[in-house]
Amino acid sequence: MFEGVVATVLNRFLGNYVTNLETKQLKLGIWQGDVKLEKLRLKTDALDKLHLPIDVKEGWLGTLTISIPWANLKGAPVRISIDDVFLLATPRFQEDFNAEEEEEREYVRKMHKLEQDELVKEHQRLKKGAVGEEERKQASFTEQLVAKIVDNLQIVIKNIHVRYEDDKSNPEHMFAVGATLGELSAVSTDEEWRETFIHDSGSVIRKMLKLARFSMYWDTGCKTLQGLGQDELLEQFASAIGSADRHEPILRPVVGSGRLTMNKRAGPDEIRTTANFEFDQLAFELDDEQYVDALLLATSFDYAMRQRRYRQHRPAPGVRPKDDPKAWLLFAMRSVYDEIHDFNYRRTWEFQKKRRDDRLLYLRTYTALKVNDKLTT
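The notes below deal with the structure included here. Source: prediction; values computed, not measured.

### Remarks on the overall build of the protein chain
- What the protein chain contains, in helices and strands, is 8 helices and 8 strands.
- When each of the 377 residues of the protein chain is scored for burial, the buried share is 34%.

### As for a nonpolar patch on the surface
- On the surface, Tyr 107, Met 111, Leu 114, Leu 360, Tyr 362 and Leu 363 cluster together into a nonpolar patch covering about 500 Å² of accessible area.
- Listing elements by their share of the nonpolar patch, those giving two or more residues are α3 (99-128) and α8 (349-372).
- Along the chain, the position of Met 111 falls in helix α3.
- A relative accessible area of 32% means that Met 111 is categorised as partly exposed.

### Let's talk about the layout of surface pockets
- Considered as a void within the structure, the second largest pocket measures approximately 840 Å³ in volume.
- What lines the second largest pocket is a set of 23 residues, among which Glu 103, Glu 106, Tyr 107, Arg 109 and Lys 110 lie closest to the centre.
- Listed by contribution, the elements that provide at least two residues to the lining of the second largest pocket are α3 and α8.
- Here the lining of the second largest pocket gets 8 residues from one element, more than from any other, and that element is α3.
- Of the residues belonging to the lining of the second largest pocket, the class tally is 8 nonpolar, 2 polar and 13 charged.

### Regarding the pairing of strand β6 (residues 204-220)
- Bridging between strand β5 (residues 175-188) and β6 involves 13 bridges; their strand directions are antiparallel. Following the sheet pairing, Ser 185 is matched in β6 by Lys 210.
- Note: β6 against strand β7 (residues 249-263), 11 bridges, orientation antiparallel. Residue pairing across strands places Val 204 opposite Asn 263, the latter belonging to β7.

### Observations concerning the pattern of salt bridges
- For the structure on display, the rule yields 10 salt bridges.
- Here Glu 165 makes a salt bridge to Arg 163, at a shortest N to O gap of 2.9 Å.
- Note that Asp 357 and Arg 356 form a salt bridge whose closest N and O atoms lie 3.0 Å from each other.
- In this structure Asp 357 comes out as partly exposed when scored by relative accessible area, which is 28%.
- Judged by its relative accessible area of 47%, Arg 356 falls in the partly exposed class.
- Connected through salt bridges with shared partners, the residues Arg 163, Glu 165 and Asp 219 form a single ionic network.

### With respect to unusual backbone geometry
- Positive phi, normally seen in glycine, also occurs at Asn 159, with a value near 60°.
- On the secondary structure map, Asn 159 appears in strand β4 (residues 154-166).
- Although it is not a glycine, Arg 213 adopts a positive phi angle of roughly 55°.
- Positionally, Arg 213 belongs in strand β6.

### Some words on the packing of aromatic side chains
- A full pass over the atoms with the stated rule returns 6 aromatic pairs.
- Centre to centre, the rings of Phe 86 and Phe 237 are 5.7 Å apart; their planes meet at 20°, and the pair counts as stacked. You can see Phe 86 sitting in strand β3 (residues 79-91) and its partner Phe 237 sitting in helix α5 (residues 230-239), a full 151 residues away along the chain. The burial state of Phe 86 is the same as that of Phe 237; both residues are buried.
- Note on Phe 175 and Trp 218: the rings are 5.5 Å apart at their centroids and 25° apart in plane angle, and the pair reads as stacked. Taken together, the positions of Phe 175 in strand β5 and Trp 218 in strand β6 put the pair 43 residues apart, joining distant regions of the chain.
- According to the relative accessible area criterion, Trp 218 is buried, its value standing at 7%.
- Sitting over the face of the ring of Phe 343, Arg 347 holds its NZ or CZ atom 3.9 Å from the ring centroid.

### Here's the deal with the side chain of Ser 335
- When you line up the elements, Ser 335 lands in helix α7 (residues 325-345).
- Classification of Ser 335 as buried rests on a relative accessible area of 8%.
- In this structure the side chain of Ser 335 is engaged in a polar contact, spanning 2.8 Å, whose partner is the backbone oxygen of Phe 331.
- With sequence-adjacent residues up to four places away left out, Ser 335 is seen in contact with Tyr 310 and His 313.

### Section: the environment of Lys 223
- Within the secondary structure, Lys 223 sits in the loop between β6 and α5.
- Using a relative accessible area of 74% as the deciding quantity, one classes Lys 223 as exposed.
- For the pair formed by Lys 223 and Asp 167, sequence separation is 56 residues and the distance between their alpha carbons is 9.9 Å.
- Each residue touching Lys 223, except ones within four places of it in the same chain, is listed here: Arg 163, Glu 165 and Met 174.

Basis of the calculations
Residues numbered from 1 in each chain as written. Predicted model: local features only at pLDDT ≥ 70, side-chain atom pairs only at ≥ 80, totals over all residues. Heavy atoms only, no water. Helix = DSSP H or I, 4+ residues; strand = E, 2+ residues; numbered from the N terminus. Buried < 20%, exposed > 50% of the residue type's maximum accessible area, 1.4 Å probe, protein only. Patch = residues over 30% accessible without salt bridge, like charges linked within 9 Å, V, L, I, M, F, W, Y side chains within 5 Å. Areas by Shrake-Rupley, 256 points an atom, 1.4 Å probe, with all protein chains shown as cover. Salt bridge = Lys/Arg side-chain N within 4 Å of Asp/Glu carboxyl O. 1 Å grid on protein atoms, 1.4 Å probe; cavity = no way out; pocket = protein on both sides within 12 Å on 5 of 7 lines; lining within 4 Å. Points joined across faces, edges and corners; volume = space filled by probe spheres on them. Nonpolar A, V, L, I, M, F, W, Y, C, P; charged D, E, K, R; others polar. Pairing = 2+ DSSP bridges. Phe/Tyr/Trp six-rings, centres within 6.5 Å; stacked < 30°, edge-to-face > 60°. Lys NZ or Arg CZ within 6 Å of the ring centre and 35° of its normal. Polar contact = N/O pair within 3.5 Å; in protein donor to acceptor, adjacent residues only side chain to side chain. Contact = heavy atoms within 4.5 Å.

Take a look at the structure:
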């Protein structure tokens with residue numbers, strides 16, 4: 001029973017970020033108590049939740065290991081280890097616009113949101129007792145077991161390198177922004193911040209955090225890593241972790257520790273999560289050229305976000321207003337017309353009727369899927 005819950009959660013979470021996830025292999029590993037996934041490739045839209053105009057050009061998750069002590073879940077922690085996550089991101093502006101791809105990505109985002117809403121509603125339904133007595137007992141046991149696992153969950157993350165390359169925000173030269181992390185771990189503690197297994201955490205969860213070799217860099221006038229072979233690219237990413245000599249650092253490698261406190265029963269006006277960090281030293285620097293690039297990057301992001309709504313009407317990439325003034329005039333007219341038309345259409349009975357019909361269709365489809373576990377046409 002619980003194996004299926006873990007498999008479902010992992011599949012939903014990992015499925016949003018990696019490709020070619022072997023669901024059968026995942027379930028088998030969970031049942032055996034030790035899941036080890038290697039060399040997973042990250043999706044192009046893995047960073048879409050940031051709501052920024054960027055794409056993943058290359059990305060790998062080296063190793064994901066999950067150790068589940070099935071024989072002693074109430075006395076031993078579940079351990080998650082993530083090693084070697086390397087990600088190369090690039091800007092996604094007007095010239096990269098693909099209508100079909102954008103529609104597909106928007107559909108995926110909506111489906112993820114629906115899944116999250118369904119999980120919340122299912123949890124509320126169980127809490128209200130809108131289920132049978134046997135199902136409620138089983139759900140209560142599962143919920144208590146999940147809470148204990150979360151309270152004692154141990155996480156170790158090692159060797160992370162995220163790099164963003166941009167040759168469009170500043171036409172004069174390309175720049176790259178990156179962050180590297182040697183290690184980040186989190187373990188459960190008691191009230192005295194001593195590592196221990198929590199049998200009854202009450203309303204507060206305490207985690208001791210350890211941070212090692214976290215740094216950031218901003219390379220100006222650099223060369224791109226795109227086009228390198230996979231082995232060479234991975235070597236470039238790995239060798240930069242914890243090193244301040246291979247790049248132009250804006251935050252030199254730091255080591256520190258932290259204390260994370262989470263109040264599970266915090267009220268609407270209460271603080272749910274607090275974190276305190278202590279670092280050996282912080283050395284932050286930003287030169288004039290990096291500062292200019294940062295301003296240009298912020299401006300280009302703002303421009304890309306504003307133009308996203310109208311870019312399907314824009315002239316072909318590379319066409320400037322002086323090259324084809326008529327096309328740009330039509331672009332402006334269509335953009336204004338669409339905005340006014342959409343504003344007025346949402347206030348008509350036709351729109352309200354369509355919304356109602358869509359909702360009824362969704363309810364019928366959802367009911368059929370839940371009852372029959374398949375759809376018929």
